Amino acid sequence: MPRLNRRVSGAIDNPKQKRAYVRELFTAVAGRYDLTNDVLSLGLHRRWKSKLVRTAGIRADHRVLDLAAGTGDLAFRAAALTNGTAVVAADLTPTMLALGQRRGGAGLTAPKSGVVWAGADAAVLPFRDGYFDRVLIGYGLRNFADLPGSLAEIARCLRPGGRLAALDFGLPRSRFLRAACFAHLELTTRIAGWLLHRDAESYVYIPESLRRFPEWGPLQEMLVEAGFKTCQKRQLALGGMSIFTAVRAAAPTAEVRS
Ligand SMILES: C[S@@+](CC[C@H](N)C(=O)[O-])C[C@H]1O[C@@H](n2cnc3c(N)ncnc32)[C@H](O)[C@@H]1O
C-alpha cells in the first residue's frame, strides 16, 4: 500500500497509468472493501445504494448492468427486482469480482434471478448495442481512466430510452460546505486507513480522485456528447453524495442527420 500511495498523484493524472493504478489499488484493498464502505459511511452507503436502485426504476423484465460492480452490492439489489433475467455485474478488477461471486455463491444475498459476473473495462464493453435497459454504477465513474469513452460505451449498450443511474461522492456548491466535505473525507479516510491497514494514507486516492472529477456542468456536457439526454443530479447527505441519472437519447433520425 505505501508504494501505491506515493504514486497516486502522478499515476491518476495520466489516463494510461490510471487504469493500471486503479486495478492495482482495488486488488490491494479488495479483502476489506465491504468493511471499508461500512466504516467510511457508518453504514449509510447501504441506504444510498438502495435509493440509487429505486431511482433507476428497474422493472421485472429489465436487463440490468451493474458496471464497476466490485463485490456486487447494486447487482444483488437489482437482481431482487428482476424476474428471471440475470443481472450482469462487470468490473475491471478480477479480485473484486471473485469476492462478489463468492458472496453470491454463499447464498448470503443471492436472489432468485442470479447475477452473471464479467471482467470488463468500462471503456470497451463486451455487450451488444442497445442490450441493456438500465446501467447502474456505484462509486465507479470517478475511477474510469477514460470517462468520455466509458460514457459513450455505456450509451451504446443502453437501448434508446434506457437509463443510467450512478452514485458517487458529491461536491456541494457552497465553498464552505465543499471545504468541510474535503476536510471530513481527508479525516475519515485517514482514520479508516489506520484502523483497517495500519496505514493512514491507504485511502488517499479517494479525495485525490474526487478533486479531479468534473463538476456537474462539464459532466453533463460529456453525457450529452456521449448520447444521453435529460441528465439530472440529485444531492444526498448535504451534497456530500450525488445520484446522477441520464436517459439514452434515441439515435438521430435520417432527417436530423441530413
Ligand atoms: C469503489 S469500487 C465500487 C464497487 C461497487 N460498485 C460499490 O458500489 O460498492 C470501484 C470499482 O470500480 C472498478 N473499476 C475501476 N475502473 C474501472 C473500469 N475502467 N471499468 C470497470 N470497472 C472499473 C474497480 O475495479 C472497483 O471494483
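Residues numbered from 1 in each chain as written. Predicted model: local features only at pLDDT ≥ 70, side-chain atom pairs only at ≥ 80, totals over all residues. Heavy atoms only, no water.

1. Structural notes on the packing of aromatic side chains
- Counting across every chain of the model gives 8 aromatic pairs.
- Taking 6.0 Å as the distance between ring centres and 40 degrees as the angle between the ring planes, the aromatic pair formed by tyrosine 21 and tyrosine 205 counts as tilted. Within this pair, whereas tyrosine 21 is found in helix α2 (residues 15-29), its partner tyrosine 205 is found in helix α9 (residues 205-212), the two being separated by 184 residues in sequence.
- What makes tyrosine 205 buried here is its relative accessible area of 3%.
- With a centroid separation of 6.3 Å and an interplanar angle of 65 degrees, the aromatic rings of phenylalanine 26 and tyrosine 33 are classed as edge-to-face.
- When its relative accessible area of 17% is taken as the criterion, phenylalanine 26 is described as buried.
- Owing to a relative accessible area of 17%, tyrosine 33 belongs among the buried residues under this scheme.
- Feature note: the residues Phe127, Tyr131 and Phe132 constitute an aromatic cluster, connected by ring pairs.
- Geometry around tryptophan 194 places arginine 198 over its ring, the cationic atom sitting 5.1 Å from the centre.
- When the ring centre of phenylalanine 182 is taken as origin, the NZ or CZ atom of arginine 211, which lies over that ring, is 4.6 Å away. (Phe/Tyr/Trp six-rings, centres within 6.5 Å; stacked < 30°, edge-to-face > 60°. Helix = DSSP H or I, 4+ residues; strand = E, 2+ residues; numbered from the N terminus. Buried < 20%, exposed > 50% of the residue type's maximum accessible area, 1.4 Å probe, protein only. Lys NZ or Arg CZ within 6 Å of the ring centre and 35° of its normal.)

2. Concerning the site of the ligand
- Around the ligand, the surrounding shell holds 19 residues, and the nearest of these are Ala68, Asp91, Thr93, Ala122 and Gly138.
- In this structure, a nitrogen atom belonging to the ligand sits 2.9 Å away from a main-chain N or O atom of glycine 138.
- Burial of the ligand by the surrounding chains reaches 97%, relative to a free accessible area of 600 Å².
- At the level of elements, α2 and α3 (33-41) are the ones that each hand at least two residues to the shell around the ligand.
- Taken together, the residues of the shell around the ligand break down into 11 nonpolar, 5 polar and 3 charged. (Near = heavy atom within 4 Å. Polar contact = N/O pair within 3.5 Å; in protein donor to acceptor, adjacent residues only side chain to side chain. Areas by Shrake-Rupley, 256 points an atom, 1.4 Å probe, with all protein chains shown as cover. Nonpolar A, V, L, I, M, F, W, Y, C, P; charged D, E, K, R; others polar.)

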